[in-house]
Every structure is written in C-alpha cells, then in structure tokens.
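What follows is the residue order along each chain.
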Amino acid sequence: MTTVCDTHAHIVPPRMLKALRKDSDRYGVTFTGGEKKPIVQLAGSNYIRPLPMFLTHLDQRIETMDRQGVDIQILSGWVDFSAYTMPLDLGIKFSELQNECIAEVVADNPSRYVGAANVPLQDAASAIKVMQDARNKYGLRAAQIATYLGPNRFLDDPSLDPFWAAAQEMGTFLIFHPYDEQRPAGLHDFFLHNCIGYPLQTTTAIVRMMFSGVFDRFPGLQIKVPHAGGFLPYQIERFQHAADFRPEPRSKGFEGRPVDVLKRLYYDTITFSPATLRYLIDLVGADRLMLGSDYPFEMGDPDPVASVTAAVDEKHCSAVLGDTVTEIMCLRECCGCGGPHPQQSMNSPSDTTTNGSQS
C-alpha cells in the first residue's frame, strides 16, 4: 500500500522560536513586534519580515494531513530562515538549532514526519559538515536549498562544487525553494514577488546550474524543484533555441539538451491545473513527479491528493503520491540500503537537547 508523502511543507518548530526569543544575539536574530505577531530580521539582511505563526502550530498540521489523506510530511524549515546572509559562525549555529528542533518534532511523531536539514551555504565545507551531522545525529536525508545566496552569488558558484559533490555522494535529497531576500524591480506590488518572482527564481537557479555545467559535473544529484518547475518546463524550447543559436549557453562547456537535464530532476505537483500537470508528465515522465502542498501557506494546494488523482493516470498514481520519494529517501526499513533510516535512527529529544519539551 502506498504511503502518501507530502514533499513540500514548511515548519518553524515551537522550541526553535522559543530559543531564538530567549537568546537572539547568539543566533543572530532581531525581534520586534508583539508575542503574537513577531517581526524578525536576520543578521546581515536588510529584509524585515513578519514570522507566520501558523508555521509553529503542530496540532493543526496533523489535522490537515488527516483531512488531506497525507500520511507523511517532509518538514523543511521556513525558507526565509535559510540564513545565508548571516556571518558564517552565526549561520552554522542557526542551522544547527533549526536541524535539532526539526528533528525533535520528527522524533515526537516519527510515523507522520520526516525532516529536512538547513545548511549554511555561505561556506561549502561548513555546509557539508552540517549536512553530515544532520544525517548522522538525526537521520535527516534531505536538505532544503534556497535558490540564491546573495545579489551576485548563485547556486552555480564554483565554490559550491565540493558541496554538490558531497550531496551526491551522500545521496541527500535536495529540496530547492525560492525566497524573499531580494525582490526584483516591478514585483513589489500585487503579490508579484510570489506568483512571478518565485517561479522566476527557480528557473534562474536551475538554468544557471545547467548552462554552467553543474549537472554535468554531478549527474547523480537528487534535486526536487518546487511549484512544478517554475517557468522552466513551460519555456524549455526557448532555452534549447538559445543553446542552438547563441554562444553564451555553451560558453562553459554545456553540450547537452536542456530537456534532458529536466528529465533528471524531480518536481512537486503544485500547478493548480490538471492540464498543466499532465503536460509536465508528458515532458519528464510521471516518475519525476512527487506530491507537494506547500503547507501551511495560502499559496499551497489545499487538496494535493485530489490534484494528483485528477491529473495522473491510475498506473502512475502510486509513484507520484509517495512511492518514488519513499524509495529515494529510504523511508522503508526493509529497503536494503543499510540505513540509517529517518524513522529508526532519530535520537530522542532528551538525547540531543538540554530542553526536549515542545512548547
């Protein structure tokens, strides 16, 4: 029987918020606003943002999963807490706190949750160590990756090659996600930063990695792209045309076809349109799709299982609903990979923290 797994969900663990409030200087966070509507600013960032408190509500999360027919969520942090703007020492502490607290939530309910780590991509060596620690201490086989690192530093930066090599070797499932650190001109109004900016960020990140040769150097990377691929799958022939008729896309050695790169990635199912989802299946194959909801945000899919069953034929439904990610993440203890498995290797909160209670 298929375990239905939501691969696109976000959380701010309650204990993480409590720790940040208690020791904000240690973790590089400034709080303003009241207890119920906190405003946060991370060290090194000019962006001041309200913290959506619904990210901390665990009881409502389980109720929603039950209503949706979702068995397991992969818990990624709030992507605005990627903390890439922080000085490295603070970024490491912030990531370690986030991973520890996500692991606690998983350990409290291991049959319903699997965790994804945050890593300080300011520095590849530090990111590798944090990723390894998250795997070894907590069994976290996934990591969330924001789509850029700064105004002039992107995921194709050569300094990140050691990180991609380590993620490939470890088999880490990389969950890409755009975020709001810098809103482009023209997108400040009408919620355009999200409905245009987010798909654009995703497209920019993947195409830069493609044309710069990252996917050629690290063909075994397991990457899931959000929002059904952003704009990329739906403009793929434009990128092919550029590669055919302009020198720039081939200037760093890219020799393949853009569509072949797309067929090596994974995609969530958040399209709000059965026709769009069927197009994506025709382009890359149903085996590259994974159910996603973007819980608990209003731009998410409120009924992700129904969205899949409305668009995917019966013989491929199980793969999209959960079988593919179950295999990639080794969620079955009998998979034969030798572990560790997220649900059996997770340390209990009392083993990993001085204050293991959720609050």
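So, how was this worked out
- Residue positions are counted from 1 within each chain, in the order its sequence is given.
- Only residues with pLDDT of at least 70 get local features here, since the model is predicted, and only at 80 or more are side-chain atom pairs given and counted; chain-wide, interface and lining totals rely on the full set of residues.
- With hydrogens and water stripped out, all remaining heavy atoms of the structure feed into the side-chain values.
- By definition, a salt bridge exists where a carboxyl oxygen of Asp or Glu is found within 4 Å of a side-chain nitrogen of Lys or Arg.
- Working definition: helices are DSSP H or I runs of at least four residues, strands are E runs of at least two. Numbering for both runs from the N terminus.
- Only protein chains enter the accessibility calculation, which uses a 1.4 Å probe. A residue is then buried if its area is under 20% of the maximum for its type, exposed if over 50%, and partly exposed in between.
- Think of a 1 Å grid over the protein atoms and nothing else: a 1.4 Å probe that fits but is trapped marks a cavity, an open set flanked by protein within 12 Å on at least five of seven lines marks a pocket, and residues with an atom within 4 Å of a point count as lining.
- Grid points are joined across faces, edges and corners, and a volume is the space filled by probe spheres set on the points.
- Residues are grouped as follows: Ala, Val, Leu, Ile, Met, Phe, Trp, Tyr, Cys and Pro are nonpolar; Asp, Glu, Lys and Arg are charged; every other residue, Gly included, is polar.
- Residues enter a nonpolar core if they are buried and are Ala, Val, Leu, Ile, Met, Phe, Trp, Tyr or Cys, with the set joined through side-chain atoms within 4.5 Å.
- Contacts were defined at the residue level, with two residues in contact if any of their heavy atoms lie within 4.5 Å.
- Aromatic contacts are taken between Phe, Tyr and Trp rings whose centres are within 6.5 Å, Trp giving its six-membered ring; a plane angle under 30 degrees counts as stacked, one over 60 as edge-to-face, and the others as tilted.
- Whether a charge sits over a ring comes down to the Lys NZ or Arg CZ being within 6 Å of the ring centre and within 35 degrees of the ring normal.
- Two strands make a pair as long as DSSP finds a minimum of two bridges between them.
- The angle between two axes is taken between their N-to-C directions and runs from 0 to 180 degrees, where each axis is a line fitted to C-alpha atoms and a helix contributes only its stretch in contact.
- Within this analysis, patches are made of residues with over 30% relative accessible area and no salt bridge. Like charges are joined at 9 Å or less; nonpolar side chains (Val, Leu, Ile, Met, Phe, Trp, Tyr) at 5 Å or less.
- Methods summary: accessible areas were calculated by the Shrake-Rupley approach with a probe of 1.4 Å, and residue burial reflects only the protein chains presented.

Chemist: I tried to follow the pattern of salt bridges on my own but got confused; where do I start?
Modeler: Where charged atoms from two side chains of opposite charge come close, those side chains can pair. In the structure shown here, the tally under the stated rule is 14 salt bridges. R217 is paired through a salt bridge with D161; the nearest N and O atoms lie 2.9 Å apart. In this pair, R217 sits in helix α9 (residues 214–217) while D161 sits in helix α6 (residues 161–170), placing the two residues 56 residues apart along the sequence. Judged by its relative accessible area of 38%, R217 falls in the partly exposed class.

Chemist: Just to check I follow, could you spell out the layout of surface pockets for this structure?
Modeler: The gaps left among the atoms become clear once a water-sized probe is rolled over them. Here the largest pocket is characterised by a volume of approximately 740 Å³. Along its surface, the largest pocket is lined by 32 residues, and F191, N194, Y198, D294 and M299 are the ones closest to its centre. When contributions to the lining of the largest pocket are tallied by element, the ones reaching two or more residues are β4 (49–50), α7 (192–195) and α8 (197–211). Sort the elements by how many residues they give to the lining of the largest pocket and α7 lands first, with 3 residues. Along the lines of polarity and charge, the residues of the lining of the largest pocket split into 18 nonpolar, 8 polar and 6 charged.

Chemist: I would appreciate a short explanation of the nonpolar core in the present structure.
Modeler: Nonpolar side chains in soluble globular proteins generally cluster together in the buried interior. Counting 75 residues, the largest nonpolar core has L121, I145, L155, F163 and W164 as its most contacted members. In terms of residue count, helix α5 (residues 124–138) provides more of this core than any other element does, 7 residues in total. Setting aside residues up to four positions removed in sequence, I145 forms contacts with Y84, V119, L121, L155, F163, W164, L174, I175, F176 and H177. With 19 residues, the next largest nonpolar core counts M16, L42, L55 and W78 among its residues.

Chemist: Honestly, the packing of aromatic side chains in this entry has me stumped. Any pointers?
Modeler: Aromatic rings in a pair are described by how distant their centres are and how their planes are angled relative to each other. By the definition in use, this model includes 10 aromatic pairs. Ring centres of F173 and Y266 lie 6.5 Å apart, and the angle between their planes is 75°; this geometry places the pair in the edge-to-face category. Separated by 93 residues along the polypeptide, F173 in strand β10 (residues 173–177) and Y266 in strand β12 (residues 266–268) bring together distant segments of the chain. Of the residues examined, F173 reaches a relative accessible area of 0% and is grouped as buried. Among the residues examined, Y266 registers a relative accessible area of 10% and is labelled buried. Ring centres of Y234 and Y279 lie 5.5 Å apart, and the angle between their planes is 40°; this geometry places the pair in the tilted category. Pair noted here: Y234 is in the loop between β11 (222–225) and α10 (236–245) and Y279 is in helix α12 (residues 274–284), with a separation of 45 residues, a long-range link. Using a relative accessible area of 34% as the deciding quantity, one classes Y279 as partly exposed. An aromatic cluster of three or more residues is present, and its members are W78, F81 and F94. Between the NZ or CZ atom of R21 and the centre of the ring of F31, over which it lies, the distance is 5.2 Å. Sitting over the face of the ring of Y266, R288 holds its NZ or CZ atom 4.0 Å from the ring centroid.

Chemist: I keep staring at the sheet that holds β10 and nothing clicks. Help me out?
Modeler: Within a sheet, adjacent strands bond to each other through the backbone by hydrogen bonds, running parallel or antiparallel. Overall, parallel pairing links the 8 strands, which are arranged β1-β5-β6-β7-β10-β11-β12-β13 in an open sheet. The open sheet has two edge strands with one neighbour each: β1 (5–11) and β13 (289–290). The pairing of strand β5 (residues 72–77) with strand β6 (residues 113–118) spans 3 bridges and is parallel. Bridge pairing links Q73 to Y113 in β6. In this fold helix α4 (residues 88–108) packs onto β1, β5 and β6, with an angle of close to 180° to the strand it touches most, β6.

Chemist: Sorry if this is basic, but what is going on with the sheet that holds β4 here?
Modeler: Read across the open sheet, the 3 strands follow the order β2-β3-β4; overall the sheet is antiparallel. Pairing within the sheet leaves two strands with one partner each, and these edge strands are β2 (29–33) and β4. Note that β2 and strand β3 (residues 38–42) share 5 bridges and pair antiparallel. Each residue of the ladder has a partner; that of T30, found in β3, is Q41.

Chemist: Is there a simple way to think about a nonpolar patch on the surface in this case?
Modeler: On the surface, a cluster of nonpolar side chains totalling about 220 Å² of accessible area is made up of I196, L200 and F231. Of note, L200 is situated in helix α8. By relative accessible area, L200 is classed as partly exposed at 37%.

Chemist: Looking at this structure, how should I read unusual backbone geometry?
Modeler: Both trends apply: most residues other than glycine have a negative phi, and most peptide bonds are in trans. The omega angle of the peptide bond from Y295 to P296 is 5°, so this bond is cis rather than trans. Within the secondary structure, P296 sits in the loop between β13 and α13 (304–311). One non-glycine residue, F191, lies in the positive phi region at around 60°. Under the relative-accessibility criterion, F191 is labelled partly exposed at 35%. Phi at F272 takes a positive value of approximately 65°, unusual for a residue other than glycine. Within the element layout of this structure, F272 appears in the loop between β12 and α12.

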